Amino acid sequence: MSPRPTQPRDQVRFLGTPLPWLGALLLLYLLAPLGAFVARATNAPPGVLTAPGIGDALTVSLETATVATAIITVLGVPLAYLLAQVHGRIATLLGIAVQLPLALPPLMSGILLLYVVGPYAPLGRLFGGRLTDHAAGIVLAQVFVAAPFLIVAARSAFAALDPDLADVAATLGHGRLSRFARVALPGAAAGIRAGLLLAWLRAFGEFGATVVLAYHPYSLPVYTYVQFGSAGLDTTVLPVAVSLVAAVAVLAVSHYTAHLRLHRRHRTALPPPRAPRARTSSRLTFDLRARAGTFQLRIAHAAQGRHLAILGPSGSGKSLTLRLVAGLATPQAGYVRLDEDDLTALPPERRGVGYVPQDASLLPHLAVWDQITFGPDTDPALAVYWLRQLHLDGLEHRLPHELSGGQRRRVALARALARDPRLLLLDEPFTGLDTPVRDELRWELRRLQQGTAPTTVIITHDPEDAALLADEILIVAHGRLLQAGDQREVFAHPATPEAAHLLGIRNLHTGRLADPRTLVVDGTRITVAATDLPAGTPVTWCIRPEDVRLTNTGGHPATILDTVQVGAVTEMHAVLANGHSLSIAVTTPAVPATTGDCRIHLPPEAITVWPTLPRNRW
Ligand SMILES: Nc1ncnc2c1ncn2[C@@H]1O[C@H](COP(=O)(O)OP(=O)(O)OP(=O)(O)O)[C@@H](O)[C@H]1O
């Protein structure tokens with residue numbers, strides 16, 4: 001989402017505080033010397049505006065600063081990337097080490113460098129003393145003092161990247177180097193550009209280390225120092241003016257290029273579409289043990305169905321399971337198989353698995369067509385097929401921020417499908433979408449599943465997603481499998497109260513068995529299908545709202561407190577005489593909105609009973 005522009009009212013409020021005055025004070029301090037310089041320069045006697053040798057000094061400074069910045073870029077960007085990847089004590093130590101040159105007075109940095117590249121140091125001798133008092137010495141000094149500016153800025157930019165982008169790129173077939181070049185570099189471009197500018201400016205203005213390491217040839221700052229020392233303040237007017245002009249020119253160019261758009265928009269004609277080749281659906285089998293921090297996951301399943309849903313509460317290990325299957329996380333032990341193929345040892349880019357993370361994770365600098373064909377071996381004809389199937393025609397040139405939430409999800413889906421994966425992994429694909437968009441996309445996905453889409457595994461919190469998009473359900477909680485099986489079977493017979501809760505069954509209560517066929521709930525006796533539990537067992541029981549019947553005779557007295565018509569379903573909130581709440585859902589015939597006394601029938605075969613165990617939670 002793009003940041004909200006500052007409103008004029010906000011600005012007015014800001015102006016009423018002391019903050020602008022504090023900022024203005026610093027700005028005044030920063031600009032005052034420049035103002036004073038301009039005043040002095042305009043009144044300077046004409047004779048001081050000549051400075052023999054200044055052209056050479058300027059050339060030396062421009063060239064050495066540019067070469068130093070090039071070296072800093074080639075070496076510093078990979079170092080910054082590496083530093084953004086490592087964590088812990090080593091990362092902290094490395095971070096401190098690369099920032100040390102910032103803390104040292106440049107003069108001392110020059111002295112330290114002399115120990116390494118000076119004429120009597122081993123490296124200096126190796127180069128016949130040409131690393132000092134030479135342009136090479138200026139470059140070495142500039143690299144030392146200016147490199148931290150790039151490294152610090154680029155490291156922050158790399159660290160701020162959404163890791164899902166690299167994960168998606170991996171599942172699309174991009175190896176490590178390609179992910180660095182195609183995902184990390186463009187993503188961190190703004191930070192790198194800012195770091196480069198700072199590094200160049202710092203290198204251009206470098207004096208302290210340079211004067212120790214390479215007094216000759218004169219760089220512009222050293223030349224200015226020499227002029228000042230030998231002929232006084234007035235003779236520095238021209239060198240200072242030249243420095244200012246050069247710095248302002250570089251800042252202006254940088255400012256202009258910062259607004260140039262890095263992204264490309266697709267302009268060529270699309271090829272004719274090609275449908276994915278028909279194939280038998282693959283069966284997923286896995287047995288995985290993994291750790292994430294203190295969290296332990298142990299999950300195994302041999303899928304019988306073609307489409308799996310993993311249902312579970314937040315933090316139960318659903319995403320971790322999906323990432324393990326995709327190869328984006330490493331298990332402590334176990335395997336992942338697709339049919340007879342063992343994927344366990346394969347990196348994500350070679351698993352042939354499509355992955356759609358929770359928030360679509362589109363690359364911000366790529367237009368829709370480039371997103372969909374981002375996989376290195378994506379067939380453009382297949383990409384066009386999915387573009388059309390997912391109703392994205394006409395949006396090819398749009399950038400992610402120009403798409404709606406639903407369109408972004410469609411692009412992410414098309415991108416994963418365009419590589420023709422054998423297995424499609426979807427991590428909560430409808431989160432954050434409003435109901436109509438969610439419904440539309442859900443039915444769209446179901447249509448694709450029934451057609452050409454590959455085997456799918458979908459993670460969801462929503463039982464409706466599972467009912468619509470899976471023929472097999474896995475319920476996980478606390479890193480363990482609670483129940484797995486055919487979708488209808490799991491919905492009809494949840495294995496535990498926690499599973500029932502996750503399946504969205506609302507009428508979940510406790511009671512005690514008077515005998516294997518009679519449940520007592522706060523004095524109300526309810527007949528259940530025969531259980532093999534002994535009399536006196538404390539139990540948890542449930543009945544689906546749609547299984548509760550309104551009746552004229554028999555049943556239990558109850559009071560309807562509220563009735564709501566939700567589409568074709570009438571939902572009622574009732575209480576039994578003992579005060580227990582019950583949800584009732586009636587589809588046909590339409591029930592008039594009503595409240596008041598009634599009688600309800602709880603069919604014994606619709607009631608599920610579990611012995612209450614101390615660890616049962618929902
Ligand atoms: N990098 C990590 N370091 C430490 N713990 C982690 C890490 N990644 C995940 N976890 C922990 O692992 C557990 C499982 O995480 P996971 O993302 O798989 O949950 P989830 O079931 O997908 O949850 P949600 O529905 O909220 O996305 C959580 O308790 C989480 O805090």
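Please read these numbers as outputs of a predicted model, since none were measured by experiment.

Right, let's get into the packing of helix α2 (residues 19-42) against helix α13 (residues 237-258). Orientation of α2 relative to α13, taken along the N-to-C sense of each, is 130°, at an axis distance of 11 Å. It follows that α2 is oblique to α13 by the angle criterion. At the point where α2 passes α13, the crossing takes the left-handed sense. Between α2 and α13, the residues in contact are Leu 34, Phe 37 and Ala 41 and Val 237, Val 240, Ala 241 and Leu 244, respectively. Class assignment for the residues of the contact of α2 with α13 results in seven nonpolar, no polar and no charged.

What surrounds the ligand is a group of 14 residues, the closest being Ser 314, Gly 315, Lys 318, Ser 319 and Leu 320. Backbone polar atom of Ser 316 to an oxygen atom of the ligand: 3.0 Å apart, as the coordinates give it. Within the side chain of Glu 428, a nitrogen or oxygen atom sits 3.4 Å from an oxygen atom of the ligand. For the ligand, whose unbound accessible area comes to 640 Å², protein coverage reaches 56%. For the shell around the ligand, the element with the highest residue contribution is helix α14 (residues 318-326), accounting for three residues.

On to the sheet that holds strand β19 (residues 596-601). With antiparallel pairing, the five strands of this open sheet are ordered in space as β15-β19-β16-β17-β18. Edge strands, defined here as strands with exactly one partner in the open sheet, are β15 (549-551) and β18 (581-586). Going from strand to strand, the sheet's axes swing by 50° on average, the running direction of each strand aside. In terms of strand pairing, strand β17 (residues 569-576) meets β18 through six bridges, oriented antiparallel. Residue pairing for β18: Val 575 is matched across the bridge by Ser 581.

Right, let's talk about empty space enclosed by the protein for a bit. Overall, the coordinates contain two cavities of 30 Å³ or more when judged by the stated rule. In this structure, the largest cavity encloses a volume near 60 Å³. In terms of lining residues, the largest cavity is bounded by Val 356, Arg 409, Leu 413, Leu 426, Pro 429, Phe 430, Leu 441 and Leu 445. Its residues assigned to classes, the lining of the largest cavity comprises seven nonpolar, no polar and one charged. Along the walls of the second largest cavity sit Pro 276, Arg 279, Trp 386, Leu 417, Asp 420, Pro 421, Thr 452 and Pro 454, which together make up its complete lining.

The rules behind these values
Residues numbered from 1 in each chain as written. Predicted model: local features only at pLDDT ≥ 70, side-chain atom pairs only at ≥ 80, totals over all residues. Heavy atoms only, no water. Axes fitted to C-alpha atoms, helices over the stretch in contact; angles between N-to-C directions. Helix = DSSP H or I, 4+ residues; strand = E, 2+ residues; numbered from the N terminus. Parallel < 35°, antiparallel > 145°, perpendicular 65-115°, else oblique. Left-handed = near helix turned anticlockwise from the far one by under 90°. Contact = heavy atoms within 4.5 Å. Nonpolar A, V, L, I, M, F, W, Y, C, P; charged D, E, K, R; others polar. Near = heavy atom within 4 Å. Polar contact = N/O pair within 3.5 Å; in protein donor to acceptor, adjacent residues only side chain to side chain. Areas by Shrake-Rupley, 256 points an atom, 1.4 Å probe, with all protein chains shown as cover. Pairing = 2+ DSSP bridges. 1 Å grid on protein atoms, 1.4 Å probe; cavity = no way out; pocket = protein on both sides within 12 Å on 5 of 7 lines; lining within 4 Å. Points joined across faces, edges and corners; volume = space filled by probe spheres on them.

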